[in-house]
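Each chain is listed here by its residues.
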Amino acid sequence: MTASRKPAATEKLSAEISGSYAVLESLVRNGCDTIFGYPGGAIMPIYDALYDYRKKIRHVLVRHEQGATHAAEGYARVTGRAGVCFATSGPGATNLVTGIADAMLDSVPMVCITGQVAAHLLGTDAFQETDIIGVTMPITKWNYQITNAEEIPAIIDKAFQIAEEGRPGPVLIDITKNAQIDMCEYDHTPKPLKSYVWSKPQPKTGDLERAANLINEAKQPMMLIGHGILISHAEEEVRMFAEHTGIPVASTLHGLSAFPTDHPLYTGMLGMHGNYGPNLLTNEADVIIAAGMRFDDRVTGNVSKYAPDAKIIHIDLDAAEIGKNVGTRVGIIADAKEALQGLIPLLLKSEHPEWIARFQACHHEEKEKVLDRDIFPKEGMLKMGEVVRVLSEKTHGEAVVVSDVGQHQMMAARYYRFKKSNSWMSSGGLGTMGFAVPAAMGAQIGAPDRPVVAIVGDGGIQMTIQELGTIAQEQLPVKIVLLNNNYLGMVRQWQELFFDRRYSFVHLENPDFQTISKGFGVPAILVEKREQLSEAMDRMLAMDGPCLLEVRVEQEQNVFPMVPTGASVSEVRLD
């Protein structure tokens, strides 16, 4: 293999360099400062060039390529910039697929770069050859295979532009080995991309006026906010909208932390395990303003019974989402921040005290039947909700909380009291177990000055537990709270409620997490009794580096409220 040639220090505007160096120059040009990756044969020329870029780009050696994608997602979620990951061909590339699909469904910008066999070997079933372009076509915003080194600068520029502009999402660039080795002229002056032009849609005056008329006449309006509020940085506009109109606000799972949980107009989380009031009263609303959310089935329940009396105003940057799942009276295709900025001046100052009182009554009923039992239990084993409550209190609601998927995810979403924006991330659309640990390390690198806490279950952590080694090697101060109930808890709950307690393959004989964590170089603390929790949490949070806090919790605790599959949101159960 011919050695890659790095650009000379005197080269300013253009130079002849190898494709591998062109990749790295292009990444630097697009603001990339961190790569999560795992080397291999087909991407080795790029890794050879990366040796000379160690002062410009931080490379994080993950223990599995799936970890690279989730770490890139975590980085992207806290920074707003595309996360970048590397993998080799064949199994390295296919190991990225779960994280790519996760980013696609949750609108997370990501640039994945994979090595590929040399162009003359394509289609021959060469060693570690996989058609990763064909595999990832349905789960990327765009993908492209580079077979010529000359293409590299423009294609990588385009990749970042597509990943970050509009509704964010993942892209994948597959680079054949010959393209990495061959020489090309590299112009350091970026040029406009003629092959890709995105025009940001602006809110139409007529749509804003029609929406304002509906809102001004509403008697029982609700505002539903989602991840799009955080992407567009519209948190202040949502607060102004709510306080000006007196309209109660509810959040999707991905919209958490976009609106302060202690605000008097905040009514809680929507969805299958959301709060009682916003679920129950959705079907009594006369106007619903949905901003930056897509009416996912977990939010709507049985869509044929969803909000039957509501005139729906849907604000979304993606025109494909308007009217896709629910009928819309007014669709505003625009950035949420700009749409709300245009809408607020058209709205009358208003209050809805009787309507707000309905939500408050629902909250009191939920508190009596669910909340007090979950977060202030007086006896029995520790409960997941109380662990989250204690964490919330001790971090003052200011940590970046990264959750895995399952019962602990719903408990974290329900009981952590977010005080700062952009403080929550989890796998929503794909529901990926194993997300939290690698995503937390990416978030910690992206937000080094913020405390980052991963909340995981004993099932999910075992899918990516090897990333404890990455956390230790990178000396990241990630804190991991493991809620251990020896079950795949959410599946067990469904088997209890809907399958006559036929617990089919959900019990886990778990390993010694304390020994495993310490073996990776991450200190571990075990909590088995309620009186140990507070002091152990203090010890974990006080550590300069990483720590795993394992808490043994009640084995057969269920998450309520719950909207059963196929039911209307107004059929939400409290037990």
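Parameters and conventions
Residues numbered from 1 in each chain as written. Predicted model: local features only at pLDDT ≥ 70, side-chain atom pairs only at ≥ 80, totals over all residues. Heavy atoms only, no water. Pairing = 2+ DSSP bridges. Helix = DSSP H or I, 4+ residues; strand = E, 2+ residues; numbered from the N terminus. Axes fitted to C-alpha atoms, helices over the stretch in contact; angles between N-to-C directions. Contact = heavy atoms within 4.5 Å. Buried < 20%, exposed > 50% of the residue type's maximum accessible area, 1.4 Å probe, protein only. Phe/Tyr/Trp six-rings, centres within 6.5 Å; stacked < 30°, edge-to-face > 60°. Core = buried A, V, L, I, M, F, W, Y, C linked by side-chain atoms within 4.5 Å. Domains from an automatic or database assignment.

A. A look at the sheet that holds strand β3 (residues 58–61). Across the sheet, 6 strands lie side by side as β3-β2-β4-β5-β7-β6; this open sheet has parallel pairing. The sheet terminates laterally at β3 and β6 (142–146), the two strands that pair on one side only. Across the sheet, the mean angle separating the axes of adjacent strands is 20° when strand polarity is ignored. Bridge count between strand β4 (residues 83–87) and strand β5 (residues 110–116): 5 bridges; the pairing is parallel. Note on β5: the bridge partner recorded for Ala87 is Thr114. Its contacts with the sheet put helix α3 (residues 65–79) on β2 (34–37), β4 and β5, and the angle it makes with β4 is roughly 170°.

B. Region of the structure containing the sheet that holds strand β12 (residues 287–291). What the 6 strands build is an open sheet, ordered β11-β10-β9-β12-β13-β14; its pairing is parallel. Strands at the two margins of the open sheet, each flanked by one partner only, are β11 (266–269) and β14 (330–333). Neighbouring strand axes in the sheet, compared pairwise and without regard to direction, differ in orientation by 15° on average. Pairing of strand β9 (residues 221–225) with strand β10 (residues 249–251) involves 3 bridges; the strand directions are parallel. Along β10, the bridge assignment pairs Met223 with Val249.

C. Inspection of the environment of Gly292 at higher detail. As for its position among the elements, Gly292 is in the loop between β12 and α13 (297–300). It is 23 Å that separates the C-alpha atoms of Gly292 and Glu398, two residues lying 106 residues apart in sequence. Excluding residues within four positions of it along the chain, Gly292 makes contact with Gly226, His227, Gly228, Ile229, Ile315 and Asp316.

D. Layout of helix α20 (residues 489–498). Listed in full, the buried residues belonging to α20 are Gly489, Met490, Arg492, Gln493, Gln495 and Glu496. Elements in contact with the buried residues of α20: α17 (407–415).

E. Structural context of the packing of aromatic side chains. Within the structure shown, the criterion is met by 11 aromatic pairs. On the numbers, 6.0 Å between centres and 70° between planes, the contact of Tyr487 with Tyr503 is edge-to-face. Of the two residues, Tyr487 is situated in the loop between β18 (479–484) and α20 and Tyr503 in the loop between α20 and α21 (513–519); the sequence distance between them amounts to 16 residues. Accessibility expressed as a relative area gives 26% for Tyr503, which makes it partly exposed. An aromatic cluster is built from Tyr416, Phe418 and Trp424, whose rings are joined through pairwise contacts.

F. Structural detail: the nonpolar core. Core analysis: the biggest nonpolar cluster contains 102 residues, and Met223 and Phe241 have the highest contact counts within it. Residues from two domains meet in this core; each of domain 2 (205–359) and domain 3 (381–552) gives at least three. In this structure Phe241 touches Ile215, Met223, Ile247, Ile289, Leu340, Leu343, Ile344 and Leu347, once residues within four positions along its chain are discounted. Of all hydrophobic cores here, the second largest spans 50 residues; its members include Val78, Val437, Ala454 and Val478.

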